[in-house]
Amino acid sequence: MATNAVMQKLVSQTRIPIIGSPMFLVSGIDLVVAQCTAGIIGTFPTLNARPQEELPKWIEEIKARLAAYKASHPNEIVSPFGVNLIVHPSNPRWEGDLEICAQHEVPIYITSLHAPNKVVERVHPYGGIVLHDVTNAKHARKAIDAGVDGLILVANGAGGHAGSINPIALVNEIRSFYDGPLILSGCMSRGKDVLAAQALGCDFAYLGTRFIPTKESSAQAAYQQMIVDADSTDIIYSPFFTGVPGNYLKPSIVAAGIDPEVVREAKTGGSNGGAVNMNKDTRPKTWKDIWGAGQGVGSIQKIQSIREVIDEMIEEYQATRKRLLA
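Residues numbered from 1 in each chain as written. Predicted model: local features only at pLDDT ≥ 70, side-chain atom pairs only at ≥ 80, totals over all residues. Heavy atoms only, no water.

**Q** Tell me about the pattern of salt bridges, and name the residues and values.
**A** Within the structure shown, the criterion is met by 10 salt bridges. Here Lys 57 and Glu 54 are joined by a salt bridge, their closest N and O atoms 3.3 Å apart. On the basis of relative accessibility, which here comes to 25%, the residue Glu 54 falls in the partly exposed class. Salt-bridge contacts for Glu 316 lead to Arg 190; the nearest nitrogen and oxygen are separated by 2.4 Å. With Glu 316 in helix H12 (residues 306-325) and Arg 190 in the loop between strand S8 (182-185) and helix H8 (191-199), the pair connects residues that are 126 residues apart, well separated along the chain. Owing to a relative accessible area of 18%, Glu 316 belongs among the buried residues under this scheme. Each of Asp 30, Glu 61 and Arg 65 takes part in salt bridges that share partners, so that together they form one network. (Salt bridge = Lys/Arg side-chain N within 4 Å of Asp/Glu carboxyl O. Buried < 20%, exposed > 50% of the residue type's maximum accessible area, 1.4 Å probe, protein only. Helix = DSSP H or I, 4+ residues; strand = E, 2+ residues; numbered from the N terminus.)

Given below as structure tokens:
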């Protein structure tokens, strides 16, 4: 496993090397605090704090609650938190969000959709860490050139917007030219999955779907139950809703009155234009009505607290490691 001093320190600040991925409309203050106090890195998209004036309040509350927990539980690991910035012209907030986060010295940034040069330049001086989402080698090289501290490999099977390359193939390809920190995303929901990511040479596992059906999640109750009831055959990968390929729950598509086969057959840039073209006032809203999830849904059996999920993962992680070492 290739790493550096920054990533070694980050791993040491967790009970198990997991980063909770930032999920639009799902990751709120309660989820982030629960993840960090349970011993994993919790994150949220800055766009979840709306309007923008709420963002500094979110950061301040998360910091205060984590500090209070640490003060009352001095012997426990309390992990750092991070934010996700969609670094793209389609997001008019991102530069203002970056400045707010930098002023509050947020420790970790997860950047998406565009080379994060400005983020690196702004947060490195105070010690901030920048991790960038990539789905292929081309995007990885651009992020490396921008000076990021690590790459998040969003592989086939990950929830929401995801790549199409097998996790093993993607890790090996990136490792052929990059020996820095890697975080792997795609299909993981168990403690043994985290160990598998490490065995592939990654520093962290990046999990999102597993934390949607939790008591601290901001996801609707129906969304949480749909994940519990689903298996991998209920996941459809398509650019139909946003123009960017992503994984979605078929039952939510059906509930919105859309034929899943039409969604499945959509192609980026195809004759149907890729994304659905519907009246913006009546079409189902992606993420609010059409729900994302990864292919690992089949191993999620119940709604639990974050602490229960993490404790179970650690137990399985340690048992699997012990068995392999034996």
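Having put the structure on the table, let's press on.
**Q** How would you sum up the nonpolar core? Please name residues and give values.
**A** Tyr 109 and Leu 151 are the most contacted members of the largest nonpolar core, which totals 74 residues. Counting residues per element, this core draws most heavily on helix H2 (residues 29-38), which supplies seven residues. Apart from the residues lying within four places of it in its own chain, the contact partners of Leu 151 are His 132, Val 134, Ala 140, Ala 143, Ile 144, Ile 174, Tyr 178, Pro 181, Leu 182 and Ile 183. (Core = buried A, V, L, I, M, F, W, Y, C linked by side-chain atoms within 4.5 Å. Contact = heavy atoms within 4.5 Å.)

**Q** Explain the layout of surface pockets to me, and be specific about the residues and the numbers.
**A** Estimates place the volume of the second largest pocket at around 260 Å³. Residue lining of the second largest pocket: 13 residues in total, with Gln 13, Ser 79, Pro 80, Phe 81 and Pro 107 positioned closest to the centre. Contributions of two or more residues to the lining of the second largest pocket are made by helix H1 (5-12) and helix H3 (55-72). The dominant element in the lining of the second largest pocket, judged by the number of residues it contributes, is H1, at three residues. Across the lining of the second largest pocket, the residue classes tally to nine nonpolar, two polar and two charged. (1 Å grid on protein atoms, 1.4 Å probe; cavity = no way out; pocket = protein on both sides within 12 Å on 5 of 7 lines; lining within 4 Å. Points joined across faces, edges and corners; volume = space filled by probe spheres on them. Nonpolar A, V, L, I, M, F, W, Y, C, P; charged D, E, K, R; others polar.)

**Q** Go over unusual backbone geometry, please, and point to the residues and values.
**A** In the segment running from Arg 50 into Pro 51, the intervening peptide bond is cis, with an omega of -5 degrees. Structurally, the position occupied by Pro 51 is in the loop between strand S2 (42-45) and H3. In this structure, Leu 25 is a non-glycine residue whose phi angle is positive, near 70 degrees. When you line up the elements, Leu 25 lands in the loop between strand S1 (18-20) and H2. Among the residues examined, Leu 25 registers a relative accessible area of 29% and is labelled partly exposed. Although it is not a glycine, Leu 113 adopts a positive phi angle of roughly 75 degrees. For Leu 113, the location among the structural elements is in the loop between strand S4 (108-112) and helix H5 (117-123).

**Q** Which residues make up the packing of H2 against H3, and what values do they have?
**A** Two elements in contact, H2 and H3, have axes separated by 10 Å at closest approach and are oriented at 30 degrees. In this structure, H2 crosses over H3, and the sense of that crossing is right-handed. Contacts between H2 and H3 involve Ile 29, Asp 30, Val 32, Val 33, Cys 36 and Thr 37 from the former and Trp 58, Glu 61, Ile 62, Arg 65, Leu 66 and Tyr 69 from the latter. By residue class, the composition of the contact of H2 with H3 is eight nonpolar, one polar and three charged. (Axes fitted to C-alpha atoms, helices over the stretch in contact; angles between N-to-C directions. Left-handed = near helix turned anticlockwise from the far one by under 90°.)

**Q** Please provide a residue-by-residue account of the sheet that holds strand S5 (residues 129-134), values included.
**A** Across the sheet, eight strands lie side by side as S1-S9-S8-S6-S5-S4-S3-S2; this open sheet has parallel pairing. This sheet does not close on itself; its edge strands, each paired only once, are S1 and S2. On average, each strand axis in the sheet is inclined to that of its neighbour by 25 degrees, with strand direction left out of account. Relative to S8, strand S6 (residues 150-154) runs parallel, the two sharing four bridges. Looking at the pairing, Ile 152 lines up with Ile 183 of S8. Lying over the sheet, helix H6 (residues 137-146) contacts S5 and S6, oriented at roughly 160 degrees with respect to S5. (Pairing = 2+ DSSP bridges.)

**Q** Could you give an account of the sheet that holds strand S10 (residues 235-238), with specific residues and numbers?
**A** Taken together, the three strands give an open sheet; going across it, the order is S7-S11-S10, and neighbouring strands pair in antiparallel fashion. Taken across any chain shown, the strands that pair with only one partner, and hence form the sheet edges, are strand S7 (160-161) and S10. Pairing of S10 with strand S11 (residues 246-249), which is carried by four bridges, proceeds in the antiparallel orientation. For Ser 238, the partnering residue across the bridge sits in S11 and is Gly 246.

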